[in-house]
Amino acid sequence: MSAPAVLPTLQPASPLAAPITTLTYVTLGIGLAVFALVTGLTFYFIWRYKHRGADGEPPQIFGNARDEIIWMGMAAGILVFLFVLTWITMNRIDPQAGQDGTPDLIVTGHQWFWEADYPRATNPAGMGVVSTASEIHIPTGRKLLLEVGSADVIHDFWVPQLARKMDAIPGQGNRLWIQADKPGTYLGACSEFCGAQHAWMRFKVIAQTPQDFQAWLARQAQQAAPPPPNQTDIEDGAGLFVRQGCGECHTLRGIGARGHASQGSVGPDLTHFASRGIIAGGVLDNTPENLRRWLKNPQAVKPGVRMPNYRLNDAQLRQLTAYLETLQ
Amino acid sequence: MTTAPVPVETASAPLSRPRNLTRWLSTTDHKDIGMMYLALGALFFLIGGVEVLIMRLQLARPGNTLLEATTYNEFFTLHGTTMIFLAVMPMLLGFSNYLLPLQIGAKDMAFPRLNAFGFWLTAFGGIVLYLSLLEGPPDAGWFAYAPLSERPFSSSLGTDFWAAALLMMGMGTTLTALNIIITTARYRAVGMGLWKMPLFSWMVFVNSFIIAFALPSLSAALIMLEVDRALGGRFFQGGGSPVLWQHYFWLFGHPEVYIMVLPAWGIISEVIPVFSRKPIFGYEFVAGSTVAIAVLSFAVYAHHMFAVGFARPVNLAFAASTMLIAIPTGIKVTNWVATLWKGSIRMTVPMMYAIAFIVQFTFGGITGVSFAVLPIDWQLTDSYYVVAHFHYVLMGGTLFALLSGLHFYFPKMTGRMLSEGFGKPAFWMITLGFNGVFLVQHALGMMGMPRRVYTYPDLPGWGALNMFSTVSAFVLGLGLVLTLINIVISWRIGRVAGDNPWQAWTLEWATTSPPPKGNFVRLPPIKSSRPLWDLAHPEDPDHQRPTRHDQQGKGHIRLEEKDHEQ
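Parameters at a glance
Residues numbered from 1 in each chain as written. Chains lettered and ligands numbered in written order. Predicted model: local features only at pLDDT ≥ 70, side-chain atom pairs only at ≥ 80, totals over all residues. Heavy atoms only, no water. Helix = DSSP H or I, 4+ residues; strand = E, 2+ residues; numbered from the N terminus. Rg over C-alpha atoms; globule rule 2.2 N^0.38 Å. Buried < 20%, exposed > 50% of the residue type's maximum accessible area, 1.4 Å probe, protein only. Areas by Shrake-Rupley, 256 points an atom, 1.4 Å probe, with all protein chains shown as cover. Lys, Arg positive; Asp, Glu negative; His and termini not counted. Charge placed at Lys NZ, Arg CZ, Asp CG, Glu CD. Phe/Tyr/Trp six-rings, centres within 6.5 Å; stacked < 30°, edge-to-face > 60°. Pairing = 2+ DSSP bridges. Axes fitted to C-alpha atoms, helices over the stretch in contact; angles between N-to-C directions. Parallel < 35°, antiparallel > 145°, perpendicular 65-115°, else oblique. Left-handed = near helix turned anticlockwise from the far one by under 90°. Contact = heavy atoms within 4.5 Å. Nonpolar A, V, L, I, M, F, W, Y, C, P; charged D, E, K, R; others polar. Buried area = accessible area lost by both parts, 1.4 Å probe. Salt bridge = Lys/Arg side-chain N within 4 Å of Asp/Glu carboxyl O. Polar contact = N/O pair within 3.5 Å; in protein donor to acceptor, adjacent residues only side chain to side chain. Core = buried A, V, L, I, M, F, W, Y, C linked by side-chain atoms within 4.5 Å.

Caption draft 1: Here's a closer look at the overall build of chain B. Counting its regular elements, chain B contains 16 helices and zero strands. Taking 24 Å as the expected radius of gyration for a compact globule of 566 residues, we find that chain B reaches 24 Å, a close match to that expectation. C-alpha extents for chain B along the principal axes are approximately 70 × 55 × 50 Å. By the burial criterion, 66% of the 566 residues in chain B qualify as buried.

This is the structure in structure tokens:
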């Protein structure tokens, strides 16, 4: 996995983000030139015309319509140039996505995690089922149509290196294109203030070669493996998951838990939980130790999170962690 | 437009000013009300400043735990609301109230008691906003985007207090704006045509129209939000449109930006000519561009919504209008700079703030254009780049103009000069501190830091830049405290100012410092936009200057310019 870019908005990794970087440099250049001119003249005039104790008033100059029209025209010229560049760039990075047709990927913002569904992926029963959280996998080298929605409030989908940003609005499916040139991990974050844990609504886009992506997708389409026999902790953990009512909010295909909300689930789909690198919207890396900490008291790790504190005892924590860690 | 005659002699005793609390509470004199607005603004600026220093402490390093997430969100909601509605707007209304009647040679505002009512509505709005602390402060941001601001997601009464406070303050501001419009239209001194009004009055006059047209949109939205929250309505939730709130809000919210900067520009347009010893370059263009800005300010509002998924033509139209508004704004900047040309520049503290204003406001304006270049907005909106941009405009621009105006008009208001010995170090602390806080935030935005986050992961460079920003914020704060000390000390023992300590040329300097009730004992004849110049230079009055530009394109110049050329 590649290290995250330091200046992601200026280090694009996609033909959909690169033109924005170019445009940023052009605008920055023009802007700095204008700024240098205004500031330069200001300081030059101050230095040149600083009061030096001479008596009397300086020449009283009231203005000059011709000069005004000249610099208005110059400003207008610069702006027309920028407008044309803007238009061209918009057409390149954001070709109008048709509102019909199945998107490759549906991303839904929740307070506070990102759910990614793959409507074109099917399980052996022929149903689109692949759903992941906080980590979005995409194949490289292909332009994907992505639909962004929200299950609650307005969020904003932002992966600086791969695409434009787009608001996720309840009741409205916004569409945008996304593409990654080469395999790697690209950081994303919710950019619209969405409540208590807006800061921890981060995610990663993991771009894989098409073969790796297909393999990942096929594995994700499987149901959760049943707990291996003779491993009491894991078996007890599976039982605990059902008894504690985790399935009220979380889907876990294979043990009959289906989160109840209409649009996606309330909590992330956990069917392949252990295959993810981060949990809790990016607060923690997915390690058994962190998972135990999270399950012990989610509110302590991420205050305000929708997952309540179930006050599990140490044995229960061990069992649940052991079970969830098997969900590859 | 007709001008009502104003008596030039007043019989009332000078300095019949309120001396005790009861009189402050009952005063209707525009100067008292102006100073009360300024005091109210300063008080809330202090509160908003303390809030933001605590926020900056929380952000000083990654993963900090000084503030809880919800507390931080309450802090930035209060900070934004306080600074916009209770600090900057009252301070600007304070200057407007104080100066407008003086600049146009009127005795008072058209409706003095309505004027007082407007102030008290604003003050009570502030009290209502902070009473929310008893019930849980608002936490949905000053922009209160639905559905986050709706009952299911913001269940405390904080947002209801917030809406009630904004309704009250909005009413107060609207009434004041109507008062200003009528005062300007009807109570200008004999001889003062619209095109002879000082630029500050010009901009405040035009600004009042923006207020009168923009604030109803906010009031309507607030009432709809309350219908949703309190009565289970469905304007913005449950089948209603969350985006509709943004339309209403920004149809107010963008003009609001100009509501805040126009009076600030007015102050700059007064200060720069006085300390350059020249008339403003292109008076008609500086004044006229204000009207263009007023109209366009409504036509650009949706540029706050480039990421909500509009169709291409809508996005392009608002990109174009946003670029267009850069032209009248640019006219103002170029004319301020051109006013320095061939001047006799005196770098007093008010002038230093005005120069810093030009530099910083230009910078903020240019980053504003970068948002009109729409794909850049698709990358950087709602990131720290935006935080940097609008603080450059509203703080680097507006606040610096206010500080310039404060140092400029303090002698008029109090009869005493502010100390330059305190003023200059304070200026440098404020300027260096301000740029230290916000310059690096452009970079943070480009590094992918979203705004309104209470904490952030430990990514390369993030901690260091945020720490730099936080340290600078305290330098800025210290400079402001020094300014406050300067005000308190100078008010008591400052050098006595006299009527016209800066040798300025507009009417407010033609009366005593502070002015008496009724403002003027005798008005000078008003034949140009610089009546005091005409008075001081009977051999070369403005109204006898040629009305057409000379053939060489060198502008209107006085005949003896050649004698002064170096």
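Having seen the structure, we can now continue with the description.
Caption draft 2: Geometry of the overall build of chain A. For chain A, the helix and strand inventory stands at seven helices and 12 strands. Rg of the C-alpha trace for chain A: 27 Å, well past the compact-globule value of 20 Å for 328 residues, more than 25% over. For chain A, the C-alpha atoms occupy an extent of roughly 100 × 45 × 35 Å along the three principal directions. In chain A, buried positions account for 54% of the 328 residues. For chain A, the accessible area works out to roughly 14000 Å², and carbon and sulfur atoms hold 58% of it. Both charge centroids of chain A, one from 26 positive and one from 26 negative side chains, sit 3 Å from each other.

Caption draft 3: Local environment of the packing of aromatic side chains. Summed over the entire model, instances satisfying the criterion amount to 55 aromatic pairs over all chains. Seen from their ring centres, Y44(A) and W47(A) are 5.9 Å apart, and the 45 degrees between their planes marks the pair as tilted. Residue Y44(A) and its partner W47(A) are both found in helix 1 (residues 18–48); the two are separated by three residues, about one turn of the helix. Ring plane angle 85 degrees and centroid distance 5.0 Å describe the contact between F249(B) and W250(B), whose orientation is recorded as edge-to-face. Grouping residues by exposure puts F249(B) and W250(B) together as buried. A network of ring pairs unites the aromatic residues F35(A), Y353(B), F363(B), Y392(B), F400(B), F427(B), W428(B), F434(B) and F438(B) as a single cluster.

Caption draft 4: Representation of the sheet that holds strand 6 (residues 155–158) of chain A in the model. Residue and element names in this part refer to chain A. As summarised here, the arrangement of the five strands in space is 4-10-9-6-7, forming an open sheet in which the pairing is mixed. The sheet is open, and its two edges are formed by strand 4 (135–139) and strand 7 (166–168), each paired on a single side. Between one strand axis and the next, the sheet turns by 30 degrees as a mean value, whatever way the strands run. As paired strands, strand 6 and strand 9 (residues 184–190) are joined by two bridges and run antiparallel to one another.

Caption draft 5: Quick look at the packing of helix 7 (residues 242–276) of chain B against helix 12 (residues 384–414) of chain B. All names here are of chain B. Interhelical geometry of helix 7 versus helix 12 gives an angle of 50 degrees and a closest axis separation of 9 Å. As far as their axial angle goes, helix 12 and helix 7 are oblique. Considering only the axes of helix 7 and helix 12, their crossing is left-handed. Between helix 7 and helix 12, the residues in contact are M260, V261, A264, I267, I268, E270, V271, V274 and F275 and V393, L394, T398, A401, S404, G405, F408 and Y409, respectively. The residue inventory of the contact of helix 7 with helix 12, partitioned by class, reads 13 nonpolar, three polar and one charged.

Caption draft 6: Structural detail: unusual backbone geometry. Residue and element names in this part refer to chain B. Note that the residue after A146, namely P147, is joined by a cis bond; omega there is 0 degrees. Mapped onto the elements of the fold, P147 is located in the loop between helix 4 (112–131) and helix 5 (158–186). Residue P514 is bonded to the preceding S513 through a cis peptide linkage, with omega at -10 degrees. Residue position: P514 is located in the loop between helix 14 (462–493) and helix 15 (531–536). Notably, A144 is not glycine yet its phi reads approximately 45 degrees, a positive angle. Summarising the element assignment, A144 is placed in the loop between helix 4 and helix 5. Take A144: its relative accessible area is 1%, and that puts it in the buried class. The backbone phi angle of R452 is positive, close to 60 degrees, even though this residue is not glycine.

Caption draft 7: Highlighting the interface of chain B and chain A. Between chain B and chain A, the residue contacts involve 104 residues of the former and 83 residues of the latter. Taking both partners together, chain B and chain A bury about 8200 Å²; carbon and sulfur atoms supply 69% of that area. Its largest share of buried area at the contact with chain A, chain B owes to R312(B), W378(B) and Q379(B), together 10% of the area lost on that side. Joining chain B to chain A, the criterion identifies three salt bridges. Residues D94(A) and R312(B) are paired through a salt bridge, measuring 3.2 Å at the closest nitrogen-oxygen approach. One can count 26 residue pairs in polar contact (both at pLDDT 80 or more) joining chain B with chain A. Elements that contribute at least two residues to the side of chain B that touches chain A include exactly helix 3 (69–103), helix 7, helix 8 (283–299), helix 9 (312–340), helix 10 (349–372), helix 11 (374–380), helix 13 (420–446) and helix 16 (561–564) of chain B. Broken down by element, the side of chain B that touches chain A gets its largest block of residues, 15 residues, from helix 9 of chain B.

Caption draft 8: Just the pairing of strand 10 (residues 202–208) of chain A, in detail. All names here are of chain A. With six of its seven residues buried, strand 10 lies for the most part within the structure. Of the strand pairs in this sheet, strand 4 and strand 10 are connected by five bridges, and their pairing is parallel. By the bridge assignment for strand 10, P139 is matched with Q208. Bridge analysis of strand 9 against strand 10 gives six bridges, and the strand direction is antiparallel.

Caption draft 9: Expanded view of the nonpolar core. Formed by 241 residues in total, the largest nonpolar core has its most connected members in Y118(A), I136(A), F157(A), F95(B), W245(B) and W265(B). Top contributing element to this core by residue count: helix 3 of chain B, with 20 residues. What F95(B) contacts, discounting residues up to four positions off in sequence, is L38(B), L100(B), F200(B), I267(B), L402(B), G405(B), L406(B), Y409(B) and M413(B). Ranked by size, the runner-up nonpolar core spans 24 residues in total, among them I234(A), W294(A), L295(A) and L317(A).

Caption draft 10: How the structure looks around the sheet that holds strand 1 (residues 105–110) of chain A. All names here are of chain A. Strand order in this open sheet of five strands is 3-2-1-5-8, and the pairing throughout is mixed. The sheet terminates laterally at strand 3 (131–133) and strand 8 (174–178), the two strands that pair on one side only. On average, each strand axis in the sheet is inclined to that of its neighbour by 25 degrees, with strand direction left out of account. In this sheet, strand 5 (residues 144–150) lies alongside strand 1 in parallel orientation, the contact comprising five bridges. Its bridge partner being in strand 5, T108 is matched across the sheet by G149.

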